[in-house]
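Residue-level structure breakdown
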Amino acid sequence: MKGTTVQPNDVTEILNRPLSQELLDRDLTRLAYVATDGTPRSIPIGFTWNGTHIVMCTATNAPKLPSLRANPMVALTIDTEVHPPKILLIRGRAELDAVDGVPDEYLQMNGALQMTQEQRVEWEAGVKALYNGMVRIVVTPTWAKLIDFETTLPTAVEQLIQQQQQRQHT
């Protein structure tokens, strides 16, 4: 709805739902932001949810960083690949936190990768050798919507159903 203000408690309630928690436990999100040339971007990126923030990590020379510094407003989509899809939409403000070495979150978010223990040790050593530092992209959700196509629908579909019901009653 236009002009609707979402209260922090509403966001927390949506994010605490079991289905939201399931989606927040996934490996990838799609991060949408506005590039410095003014055009939109949407990229897949690994993330972790710490109960309050969505944390993504990237190289210090990543092209998205100047864009996020210029305009920190972002949107995230976390969804499934089954029918009907389960979709968690989140909006918020990205804060950039440059850190030395590889953040723990980066290693955690890649924990679901299917590797043997030996492969994991080798992968972590390679990552730590590659990155002298990284940037943590920390998003505090300010808006959230969960769509499961059973109890919740996209706003436009809800409006069409309401219009259809009104036509049937007249």
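Residues numbered from 1 in each chain as written. Predicted model: local features only at pLDDT ≥ 70, side-chain atom pairs only at ≥ 80, totals over all residues. Heavy atoms only, no water.

Observations regarding the overall build of the protein
This is how the line gets drawn: Each helix corresponds to a stretch of at least 4 residues labelled H or I by DSSP, and each strand to a stretch of at least 2 residues labelled E; elements are numbered beginning at the N terminus. Any residue under 20% of the maximum accessible area for its type is buried, any over 50% is exposed, and the rest in between are partly exposed; the area is computed with a 1.4 Å probe on protein chains only. All accessible-area figures derive from a Shrake-Rupley calculation using a 1.4 Å probe, and residue coverage is judged against the displayed protein chains alone. Working convention for charge: Lys and Arg count positive, Asp and Glu count negative, and His plus the chain ends are omitted. Charged groups are reduced to one reference atom each: NZ for lysine, CZ for arginine, CG for aspartic acid, CD for glutamic acid.
The helix and strand inventory of the protein stands at six helices and seven strands. Ordered by position in the sequence, the α and β elements of the protein form the string α-α-β-β-β-β-α-β-β-α-α-β-α. Projected onto the principal axes, the alpha-carbon positions of the protein cover approximately 70 × 40 × 30 Å. Burial analysis of the protein (170 residues in total) assigns 38% to the buried set. About 10,600 Å² of surface is accessible on the protein, with carbon and sulfur atoms providing 51% of the total. Distance between charge centroids for the protein: 9 Å, based on 15 positive and 19 negative side chains.

Some thoughts on the confidence of the model for the protein
Put simply, the rule is: Across the chain, each position has a pLDDT score giving the predictor's confidence in that residue, from 0 to 100.
Model confidence for the protein is summarised by a mean pLDDT of 90, while 94% of its residues fall at 70 or above. When pLDDT is averaged over each helix and strand of the protein, the minimum, 84, is found for helix 6 (residues 155-169) and the maximum, 98, for strand 5 (residues 73-79).

Topic: the nonpolar core
What counts is decided by this rule: For the purposes of this section, nonpolar cores are sets of buried Ala, Val, Leu, Ile, Met, Phe, Trp, Tyr and Cys residues that join through side-chain atoms within 4.5 Å. What makes two residues a contact is simply this: any of their non-hydrogen atoms within 4.5 Å.
Residues Leu15, Leu24, Ile54, Met56, Leu88, Ile90 and Val139 are the most contacted members of the largest nonpolar core, which totals 24 residues. Within the residue set of this core, elements represented by two or more residues are helix 1 (8-15), helix 2 (18-24), strand 1 (28-34), strand 4 (54-59), strand 5, strand 6 (87-100) and strand 7 (133-147). Among the elements that line this core, the one with the most residues is strand 7, at four residues. For isoleucine 54, the residues in contact, after removing those within four places along its chain, are Leu24, Phe47, Thr48, Trp49, Leu76, Ile90, Ile137, Val138 and Val139. By size, the runner-up hydrophobic cluster in this structure holds 11 residues, among which are Ala59, Tyr106, Met109 and Val127.

Re the packing of aromatic side chains
Centre distance and the angle of the planes are the two values used to describe a pair of aromatic rings. In plain terms, the rule: When two rings of Phe, Tyr or Trp (its six-membered ring) have centres within 6.5 Å they constitute a pair, described as stacked for plane angles under 30 degrees, edge-to-face for angles over 60, and tilted for the intermediate range. Comment: the charge-over-ring label is applied if NZ (Lys) or CZ (Arg) is within 6 Å of the ring centre and within 35 degrees of the ring normal.
Under the counting rule described, the total for this entry stands at two aromatic pairs. Summarising the aromatic geometry, the rings of tyrosine 106 and tryptophan 123 are spaced 6.1 Å apart at their centres and angled 20° between planes, so their arrangement reads as stacked. With tyrosine 106 in helix 4 (residues 104-109) and tryptophan 123 in helix 5 (residues 117-130), this pair connects stretches of sequence that are 17 residues apart. Exposure remark for tyrosine 106: the relative accessible area of 16% places this residue in the buried category. Between the aromatic rings of tyrosine 106 and tyrosine 131, the centroid separation amounts to 6.1 Å while the plane-to-plane angle is 65°, which identifies the pairing as edge-to-face. Highlighted residues: tyrosine 106 in helix 4 and tyrosine 131 in the loop between helix 5 and strand 7, separated in sequence by 25 residues. Each member of the aromatic cluster is reached from another via a ring pair, and the members are Tyr106, Trp123 and Tyr131. When the ring centre of tryptophan 143 is taken as origin, the NZ or CZ atom of arginine 91, which lies over that ring, is 3.7 Å away.

Quick notes on the pairing of strand 5
Under the convention used in this document: By the convention used here, strands pair only if DSSP detects at least 2 bridges between them.
Here strand 1 pairs with strand 5 via three bridges, running antiparallel. When the bridges of strand 5 are listed, alanine 32 appears paired with alanine 75. Here seven bridges tie strand 5 to strand 6, and the two strands are oriented antiparallel to one another. Within the sheet, the bridge partner assigned to valine 74 lies in strand 6 and is glycine 92.

Structural notes on the sheet that holds strand 3 (residues 48-49)
On the basis of which strands lie adjacent, the open sheet formed by seven strands has the order 2-1-5-6-7-4-3 and antiparallel pairing. This sheet does not close on itself; its edge strands, each paired only once, are strand 2 (40-46) and strand 3.

Digging into the pairing of strand 4
Counted residue by residue, strand 4 has six buried out of six residues, so it is predominantly covered. Where strand 3 lies against strand 4, two bridges are found, and the strand directions are antiparallel. Its bridge partner being in strand 4, threonine 48 is matched across the sheet by valine 55. In sequence, strand 3 turns back onto strand 4 through a hairpin of four residues, with glycine 51 there showing a positive phi of about 100°. For strand 4 and strand 7, the ladder comprises six bridges, and the chain directions are antiparallel. Within strand 7, the residue paired with threonine 58 across the bridge is valine 135.

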